[in-house]
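What the coordinates show
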Amino acid sequence: MVVVGAGPAGLTVGNILRAAGVDCVVLECETREFIERRPRAGVIEEWAVHALDRRGLATTLLARAERHTACAFRFEGEQHRFEYREVTGSHHFVYPQPLLVTDLVREYADVRGGDIRFGVRDVEPHAVESDRPAVSYTCPDTGRRRLLRCDYIAGCDGARGVSRAVLPEDRVRVARHDYGIGWLALLAEAPPSSDCVLFGVHADGFAGQMPRSPEVTRYYLQCPPGDDPDNWPHDRVWTQLRRRLAATGAAPLTEGRLTEKRVLDMHDYVVEPMAVGRLFLAGDAAHLVAPIAAKGMNLALHDAFLLGDALAARLTGADPNGRALADYSQACLRRVWDYQEFSQWLSEVYHGAAAGDPFRTGTSLARLRRLFTSRQAAAAFAEQYLGTAERY
Ligand SMILES: Cc1cc2nc3c(=O)[nH]c(=O)nc-3n(C[C@H](O)[C@H](O)[C@H](O)COP(=O)(O)OP(=O)(O)OC[C@H]3O[C@@H](n4cnc5c(N)ncnc54)[C@H](O)[C@@H]3O)c2cc1C
C-alpha cells in the first residue's frame, strides 16, 4: 500500500493499515518538523474523536483537548449564547491540528513501526486503473527516482496534491462553488477572549474567535477575496475585531502578537466519484469545504476511517471481494454533501449582513434570531454544527 500525504487523512489510513498488519509506505513532501507545526484546524467533532479512540489514536487528545459545549453569536450589539450540549447532549473537542498530526505520526512511525518518507519530491501515481499500480518519487537524499509497486494507492495529499490530477477527466466530475469572499485567518499569541467560539455578524463583515489553547487564539476577519495580508497591519486587525465582535457587557478582547496572517479565498469543491481503479482519494484531495463551519478535518477523518477499514478488510482477506471499497465513495459523499450544504447555509448567516443589500441583511438576521426563538430550529442547527445526525 502507498499513502500519498501525511495529513490527518493519510496518517489515519496508515495507522489503521499498520494495526491490521498491512505493509504500507507513507510519502510526504514536507519534513516531519514542518507538518508537526503547520497551524490549521482546531475543532474536532465528538464522533470523530470516539472513532479515533476506538483505533487507539486518541489517548493524548482525550487527556489534553478542551471540551466546548456552547458558542455565541454577536449581532446588533448583543451577545446570544447557544448552549449546544443542552440541545444535543454532545460537545466539540478543541485540539490544534498540529498536535493531532504529531500524535498520529508518532503512533504510525515510532509505535506501529510504519514506513514514512519525508521530503520526497515529484510524487507521481502510475497505472491506477491496472491491477498493479505504482508510485514514483525523487528521494531527497540521493536525488534518484524510486518506484513503489503496490496493490492500492490512497491519495491523501490535500487540496494542492498530485493524486486528484491523475484521475481521468472523463471518469470524474468536479463540482465547484466560489463564495466570492475572503477570510483573513489570524493566530494571536493571546489567551482566548471568551471561553467559547464567537461569531460576529456585522455590516463591516464577519469576524470569528476560536480558542485554540490557553496561550493561542484563532481569529477570522471577512475581507475581499485575494486581499493582501499586508493591507491588515496589527492596529487595523484589532480595531476591526473589536468593532465586529462588540456586544453589550462583553469583556474586552485579549490582544496579542499576530503569528499567522493569511487570506483564504472561500471556495468548495467535490470530486465524484472519489476513486478510480485502485486510486482512492481521501480528505481535502477529494473535497474542499471552506472553513466556515470547521468541517474539513472532520470530513478528512471520516473518509480515512472508511478507507482504512475497507483497505484493511480487503488486504487481510476479511472482505475478499472488496465490497467496502466499492461502497467507499458513495458512503463518504453523503456526509460530504451534507456538510457542504450546511456550510453554504451558515455562510449566508455570517456574510449576508455585509453584502450591502438590506434584503439579505434582513433574512440573514432572521435566520440567526430563529435559533434563539424556536427549539426545532435550534435542534436542527446543533445537529448539523456537531455532525450528530444518525444517518447521512
Ligand atoms: C485556516 C484553516 C482553519 C481550519 N479550521 C478547521 C477546523 O476548525 N475544523 C476542521 O474540521 N477543519 C478545519 N480546516 C480544514 C482542515 O485543516 C483540512 O480539511 C485538513 O487539513 C484536511 O486533511 P487532509 O489530511 O485531507 O489534508 P492535509 O492536511 O492538507 O494533508 C495533506 C498532506 O499531503 C502533503 N502533500 C501535498 N502534496 C503532496 C505531494 N505531491 N506529495 C507528497 N505529499 C504531499 C502535504 O504536505 C500534507 O502534509 C481548516 C483549514 C484552514 C486552512
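So, here's what we can say about the structure.

Let's talk about empty space enclosed by the protein
Inspection of every chain in the model, using the stated rule, returns 1 cavity of 30 Å³ or more. Computed from the structure, the largest cavity encloses a volume of approximately 30 Å³. Every residue along the wall of the largest cavity is listed here: Val43, His68, Tyr84, His92, Val94, Val197 and Tyr385. When grouped by side-chain class, the residues that make up the lining of the largest cavity number 5 nonpolar, 2 polar and no charged.

Overview of the pattern of salt bridges
Summed over all chains, the structure comprises 20 salt bridges. The shortest N-O distance in the salt bridge between Glu83 and Arg81 comes to 2.8 Å. The class for Arg81 is partly exposed, based on a relative accessible area of 36%. A salt bridge links Glu348 to Arg360; its shortest N-O distance comes to 2.9 Å. Here the residue Glu348 occupies a position in helix H9 (residues 323-351), and Arg360 occupies one in helix H10 (residues 358-373), the gap between them amounting to 12 residues. When salt bridges that share partners are traced, they join Arg32, Glu36 and Asp110 into one network.

Details of helix H7 (residues 234-244)
By the burial criterion, the buried members of H7 are Val237, Trp238, Gln240, Leu241 and Arg244. Across the axial projection of H7, the buried residues extend over an arc of 165°, all falling on one side. Looking at the buried residues of H7, the elements they touch are strand E13 (173-189), strand E14 (197-201), strand E15 (207-211), strand E16 (217-223) and strand E17 (257-272).

Regarding the sheet that holds E17
Overall, mixed pairing links the 8 strands, which are arranged E6-E5-E14-E15-E16-E13-E17-E20 in an open sheet. Edge positions in the sheet fall to strand E6 (78-82) and strand E20 (287-288), since each has one partner strand and no second. Pairing of E13 with E17 involves 14 bridges; the strand directions are antiparallel. When the sheet's bridge partners are listed, Asp178 is paired in E17 with His267. Sheet contacts for H9: strand E5 (71-75), E13, E14, E16, E17 and E20; angle to E17, the most-contacted strand, approximately 130°. Each of E5, E6 and E14 touches H10; the most contacted strand, E5, lies at about 135° to it.

Topic: the packing of aromatic side chains
Aromatic rings considered in pairs are described by the distance between their centres and by the relative angle of their planes. Here the structure, examined in full by the defined rule, presents 21 aromatic pairs. Both rings, one in Phe280 and one in Tyr328, keep their centres 5.9 Å apart while their planes meet at 70°; by these two values the pair is edge-to-face. Of this pair, Phe280 sits in strand E19 (residues 279-281) while Tyr328 sits in helix H9, and the two are 48 residues apart along the sequence. Given a relative accessible area of 1%, Tyr328 falls into the buried group. Over the ring of Tyr152 we find Arg278, and its NZ or CZ is 4.6 Å from the ring centre. The residue whose ring lies beneath Arg335 is Trp47, and the NZ or CZ to ring-centre distance is 4.1 Å.

About the cut-offs
- Residues numbered from 1 in each chain as written.
- Predicted model: local features only at pLDDT ≥ 70, side-chain atom pairs only at ≥ 80, totals over all residues.
- Heavy atoms only, no water.
- 1 Å grid on protein atoms, 1.4 Å probe; cavity = no way out; pocket = protein on both sides within 12 Å on 5 of 7 lines; lining within 4 Å.
- Points joined across faces, edges and corners; volume = space filled by probe spheres on them.
- Nonpolar A, V, L, I, M, F, W, Y, C, P; charged D, E, K, R; others polar.
- Salt bridge = Lys/Arg side-chain N within 4 Å of Asp/Glu carboxyl O.
- Buried < 20%, exposed > 50% of the residue type's maximum accessible area, 1.4 Å probe, protein only.
- Helix = DSSP H or I, 4+ residues; strand = E, 2+ residues; numbered from the N terminus.
- Arc of directions from axis to C-beta.
- Contact = heavy atoms within 4.5 Å.
- Pairing = 2+ DSSP bridges.
- Axes fitted to C-alpha atoms, helices over the stretch in contact; angles between N-to-C directions.
- Phe/Tyr/Trp six-rings, centres within 6.5 Å; stacked < 30°, edge-to-face > 60°.
- Lys NZ or Arg CZ within 6 Å of the ring centre and 35° of its normal.

Just geometry here; none of it tells us what the structure is for.
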